[in-house]
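Secondary and tertiary structure notes
As a plain string of letters, each chain reads:
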Amino acid sequence: MNTKVCRYCYKDIRDRDELVTASNWFRVRPYHYRCFQLLEEETSTVAGMWTPVNGRIGLITVALMLALSIWMFATNTLHFIGDLIGVLALYPVLLRVISYLFIESRLPKYIEKKPPL
Ligand SMILES: [Zn+2]
């Protein structure tokens, strides 16, 4: 799969500044920042919802989930249920890692003076 092409408009994504990686179940896809907003407006069902993975909100989610996961594995809180929560909490962390390895790390951080789309 070409990770540098927006799945909405099928044009190239040039740098991380205009990139939004979004997840839906176990899929992670790259979009332009602008295209992602259009996608969100078009999506009316919860099942079709794409959640942004990168950016500040994604980072906070990952940090919280990682902390929760470590806590659940490291202690005996809630026993079996605790372990289960620990596994589930790793899911957004895993998505973030996939997004970074396969999409974000392949794009330059920021290109100055790029022409508008
Ligand atoms: Zn696009």
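Time to look at the sheet that holds strand β1 (residues 19-24). If you walk across this open sheet you meet the three strands as β2-β1-β3, and the pairing is antiparallel. Where the open sheet ends on each side, the last strands, each with one partner, are β2 (27-32) and β3 (51-52). Taken together, the two bridges between β1 and β3 define a ladder with antiparallel strand orientation. Bridge assignment links Ser 23 to a residue of β3, and that residue is Thr 51. Helix α1 (residues 33-42) contacts β1, β2 and β3 of the sheet and is inclined by roughly 115° relative to β2.

A separate point is a nonpolar patch on the surface. A contiguous nonpolar surface patch, about 530 Å² in accessible area, is contributed by Leu 94, Val 97, Ile 98, Tyr 100, Leu 101 and Phe 102. In this structure, Val 97 sits in helix α3 (residues 79-102). For Val 97, a relative accessible area of 43% gives the class partly exposed.

A few words now on the coordination of the zinc ion. All of the protein donors around the zinc ion are Cys 6 (SG), Cys 9 (SG), His 32 (ND1) and Cys 35 (SG); their distances to the metal are 2.0 to 2.3 Å. Bound by four donor atoms, the zinc ion shows angles of 104 to 117° at the metal and therefore tetrahedral coordination geometry. All donors of the zinc ion come from a single chain, and their spacing in sequence reads C-x2-C-x22-H-x2-C. Of this pair, Cys 6 sits in the segment before β1 while Cys 35 is found in helix α1, placing the two residues 29 residues apart along the sequence. Of the residues examined, Cys 6 reaches a relative accessible area of 0% and is grouped as buried.

Taken as a whole, this structure holds two salt bridges when the rule is applied. A salt bridge links Arg 14 to Glu 18, with the shortest nitrogen-to-oxygen separation between them at 3.3 Å. Its relative accessible area of 24% is what places Arg 14 among the partly exposed residues. Taking the relative accessible area as the measure of exposure, Glu 18 reaches 10% and is therefore buried.

What counts and how
- Residues numbered from 1 in each chain as written.
- Predicted model: local features only at pLDDT ≥ 70, side-chain atom pairs only at ≥ 80, totals over all residues.
- Heavy atoms only, no water.
- Pairing = 2+ DSSP bridges.
- Helix = DSSP H or I, 4+ residues; strand = E, 2+ residues; numbered from the N terminus.
- Contact = heavy atoms within 4.5 Å.
- Axes fitted to C-alpha atoms, helices over the stretch in contact; angles between N-to-C directions.
- Patch = residues over 30% accessible without salt bridge, like charges linked within 9 Å, V, L, I, M, F, W, Y side chains within 5 Å.
- Areas by Shrake-Rupley, 256 points an atom, 1.4 Å probe, with all protein chains shown as cover.
- Salt bridge = Lys/Arg side-chain N within 4 Å of Asp/Glu carboxyl O.
- Buried < 20%, exposed > 50% of the residue type's maximum accessible area, 1.4 Å probe, protein only.
- Donors = N, O, S within 2.8 Å, 3.2 Å for Na, K, Ca; no water.
- Tetrahedral: all angles 85-135°; square planar, octahedral: opposite > 155°, others 65-115°.

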